[in-house]
Amino acid sequence: MTGADDAALWFPEPPSKPARLLPPLALAYIGDAVYEVAVRQHVIARPNLRPHQLHLRSTSYVSAKAQATILSLLEPELAEPEQDIVRQGRNAKSGTVPKNANVLDYRHATAFEALIGFLYYSGKHDRLRSLIALGFERYEASEQK
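About the thresholds
- Each chain carries its own residue numbering, running from 1 in the written order of its sequence.
- Totals for whole chains, interfaces and linings use all residues, but because this is a predicted model, local features are given only for residues with pLDDT of at least 70 and pairs of side-chain atoms are given and counted only at 80 or more.
- Remark: hydrogens and water are excluded; side-chain values derive from all non-hydrogen atoms of the structure.
- Patch membership is restricted to residues that have no salt bridge and whose relative accessible area is over 30%. Joining uses 9 Å for like charges and 5 Å for the nonpolar side chains Val, Leu, Ile, Met, Phe, Trp and Tyr.
- The Shrake-Rupley method, run with a 1.4 Å probe sphere, supplies the accessible areas, and residue values consider only the shown protein chains as cover.
- Throughout this description, the term salt bridge denotes a Lys or Arg side-chain nitrogen within 4 Å of a carboxyl oxygen of Asp or Glu.
- Elements are defined by DSSP. Helices are runs of H or I of four residues or more, strands are runs of E of two residues or more, and each kind is numbered from the N terminus.
- Exposure classes here rest on a 1.4 Å probe applied to the protein chains alone. A residue is buried below 20% of its type maximum, exposed above 50%, and partly exposed in between.
- UniProt positions are given in the numbering used here, feature names are shortened, and annotations may be inferred rather than shown by experiment.
- For a helix, the expected span equals 1.5 Å multiplied by the number of residues minus one.
- Whenever two N or O atoms come within 3.5 Å, that pair is a polar contact, provided that in protein one can donate a hydrogen and the other can accept it, and provided that, for residues adjacent in sequence, both atoms are side-chain atoms.

Enquirer: Describe a nonpolar patch on the surface, listing the residues and the values that go with them.
Expert: Taken together, W10, F11 and V37 make up a surface patch of nonpolar side chains, about 330 Å² in accessible area. With respect to the element layout, F11 can be found in the segment before α1 (24-44). Among the residues examined, F11 registers a relative accessible area of 63% and is labelled exposed.

Enquirer: Account for the UniProt feature "active site" (unreviewed entry) in the protein, with residues named and values stated.
Expert: Per the UniProt annotation, the sites labelled "active site" (unreviewed entry) are D32. One can find D32 in helix α1. Residue D32 is classed as partly exposed on the basis of its relative accessible area of 37%.

Enquirer: Requested: an account of helix α5 (residues 103-121), with residues and values cited.
Expert: For α5, with 19 residues, the first-to-last C-alpha span of 27 Å sits near the 27 Å given by 1.5 Å per residue. Burial analysis of α5 places 14 of its 19 residues in the buried class, which makes it a mostly covered element. For α5, the side-chain oxygen to backbone nitrogen distance between the N-cap and L104 is 3.0 Å, and the N-cap itself is N102. Remark: G123 follows α5 within two positions and exhibits a positive phi of approximately 80°.

Structure (structure tokens):
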């Protein structure tokens, strides 16, 4: 891992390969977990901490439709290597689609999670945090309309 904004992984076990060589679905797998933590911190930072409210707010950010929307709002900001990861994640064939998501949203959500996983495993945590924060900001603004 190189770069000015590098940070260690949360736990001391790096992936078996460099991030750029991991399959997109493996990146999406870890990206899902990293994004879930970001969402939980985001909703806990808001008022009304009742468990049911936390769950409702969280699900509004982690659904395939929400993730697909957030990705579309972030795409103009992505660097070319990030766009490549998104493309690979979108084209990855997972074999299943959840019953509560359409195929297009699910593929875009997988692409978003792959991007999150790539940034996490690449040690680009400042970039990861800034994209997630910008995604939250733009998504919330789009929901107000």
